Number of protein chains: 2
Amino acid sequence: MLTTIKTRRSVRQYKEIIPKNADIKKILEAGRWAPSGLNNQPWRFLIVKNKGVINAISEFTKYSKVIKGAPVLILVFLDLKASYNRDKDLMAIGASIQNMLLMAHSLKLGACWLGEILNKKEDVRKFLKLDKNLELMAVISLGYPVKKKLKSNRKPLQALLINSALPLF
Amino acid sequence: MLTTIKTRRSVRQYKEIIPKNADIKKILEAGRWAPSGLNNQPWRFLIVKNKGVINAISEFTKYSKVIKGAPVLILVFLDLKASYNRDKDLMAIGASIQNMLLMAHSLKLGACWLGEILNKKEDVRKFLKLDKNLELMAVISLGYPVKKKLKSNRKPLQALLINSALPLF
């Protein structure tokens, strides 16, 4: 598990091979089994494979190249009708997305969690002719990675640990 | 991966055995390697093992029993100084928490993601004498599970999939 978590990268270039439907289903299953407050499961998914629609969605972000090159997109929405606490719902959706990214990686697929497009989330919703209750939270681009060795980094653990004046241990 | 994701449960009762420091470190490593927008890594962690402090924290939620019975707590905070977009930061913190829950489960530890305590997040922060820039996002209780077979359920995938008037495939 730790290796899968640590070797996952944002993959931005994809081969032209289309991922198998069975693998896409596993990824969605992973997203579906995330935890949420009161088990309200506020996440909704929209899968796009149609090239014309993928290209059109790509125009709503400055990272259009990543989206254009992806054979599959998973758009993740918050269902405002299912929402009970925005902070908790957003964390739950983050958990669901992370499940999907880990599942993709463990299937040797590459994915990128795209957030810049949220600047135009209302335009994306209208373009897709979706109900007002669906708020775009992320676009996940998905495909087989072109490059194998991608680097990343994180702050050292010591920089993330909080101390307290109280005795913690 | 899918099995780990699907068999993870919220574990609310723990044995008195203290989890190993090496395992707690693996869980924090998993949390550290989550993705975040612009790689801003807004998560901060506070570990508590001290019984007196655990008991005091338990008083800030109606689920005090879960917290009181846990040998270890991981408190997860958003560092408002590292924040750049609240929605994205909350999703990133959700991803970090999910990494920790999956890591705990894969180590045969049990964990519970507690959110009700956020109703008193300012009181918790003051009790711990923490800086105003640290906003409590979740408490994760951690320990070896007493019960082995816990059930859960999710909406069927069909109920989560969005359709569009546009041709998606």
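Residues numbered from 1 in each chain as written. Chains lettered and ligands numbered in written order. Predicted model: local features only at pLDDT ≥ 70, side-chain atom pairs only at ≥ 80, totals over all residues.

This part is about the overall build of chain A. The helix and strand tally for chain A stands at six helices and four strands. Secondary structure elements of chain A, listed N to C terminal, follow the sequence α-α-β-α-α-β-α-β-α-β. For chain A, long-range pairs separated by at least 24 residues make up 80% of all intrachain contacts whose partners lie at least 6 apart in sequence. (Helix = DSSP H or I, 4+ residues; strand = E, 2+ residues; numbered from the N terminus. Contact = placed C-beta atoms within 7 Å.)

A few words on the pairing of strand β4 (residues 134-143) of chain B. All names here are of chain B. Of all ten residues in β4, nine are buried; the element is thus mostly enclosed. Relative to β4, strand β2 (residues 72-79) runs antiparallel, the two being bridged by eight bridges. Across the sheet, the residue bridging to D79 is L134, located in β4. In this structure, strand β3 (residues 110-114) lies alongside β4, joined through five bridges in antiparallel fashion. Opposite A111, over in β4, you have L142 as the bridge partner. (Buried ≥ 20, exposed ≤ 12 C-beta atoms within 10 Å, placed from the backbone. Pairing = 2+ DSSP bridges.)

Residues and elements named next belong to chain A. Pairing within the open sheet is antiparallel, and its four strands lie in the order β1-β2-β4-β3. Of all the strands in the sheet, just β1 (43-48) and β3 (110-114) have a single pairing partner and so form its edges. Geometrically, the sheet is characterised by an average inter-axis angle of 25° between neighbouring strands, direction not taken into account. (Axes fitted to C-alpha atoms, helices over the stretch in contact; angles between N-to-C directions.)

Residue and element names in this part refer to chain B. For the pair helix α2 (residues 21-32) and helix α5 (residues 86-106), interaxial distance at closest approach is 7 Å and the crossing angle is 145°. For the pair α2 and α5, the crossing hand works out as right-handed. Packed against α2, whose contacting residues are K26, I27, A30 and G31, the element α5 presents S96, N99, M100, L102, M103 and A104 at the interface. Here the residues of the contact of α2 with α5 sort into six nonpolar, three polar and one charged. (Left-handed = near helix turned anticlockwise from the far one by under 90°. Nonpolar A, V, L, I, M, F, W, Y, C, P; charged D, E, K, R; others polar.)

Residue and element names in this part refer to chain A. Most of β1 sits out of view: six of its six residues are buried. Burial along β1 is two-sided: W43, F45 and I47 facing one way and R44, L46 and V48 facing the other are all buried. In this sheet, strand β2 (residues 72-79) lies alongside β1 in antiparallel orientation, the contact comprising six bridges. Across the sheet, L46 pairs through a bridge with L75, a residue of β2.

At an RMSD of 0.0 Å, chain A and chain B line up after a rotation of 180° and a shift of 0.0 Å along the axis. Viewed as a symmetry operation, the transformation between the two copies matches a two-fold axis. Same-surface contact between copies: 100% of interface residues of chain A are shared with the interface of chain B. (Least-squares fit on C-alpha atoms with pLDDT ≥ 70 in both.)

We now examine the interface of chain A and chain B. Many descriptions give the size of an interface as the accessible area lost when the pieces come together. On the side of chain B, 61 residues touch chain A, which itself brings 61 residues to the contact. At the level of secondary structure, the elements contributing two or more residues to the side of chain A that touches chain B comprise α1 (2-7), α2 (21-32), β1, α5 (86-106) and β4 (134-143) of chain A. Among the elements that line the side of chain A that touches chain B, the one with the most residues is α5 of chain A, at 15 residues. Classifying every residue of the side of chain A that touches chain B by side-chain character gives 39 nonpolar, eleven polar and eleven charged.

Residues and elements named next belong to chain B. The phi torsion at L38 lies on the positive side, around 55°, for a residue other than glycine. Following the sequence through the fold, L38 ends up in the loop between α2 and β1 (43-48). A count of 12 C-beta atoms within 10 Å places L38 in the exposed class. Although it is not a glycine, Q41 adopts a positive phi angle of roughly 45°. Considering the arrangement of structural elements, one finds Q41 in the loop between α2 and β1.

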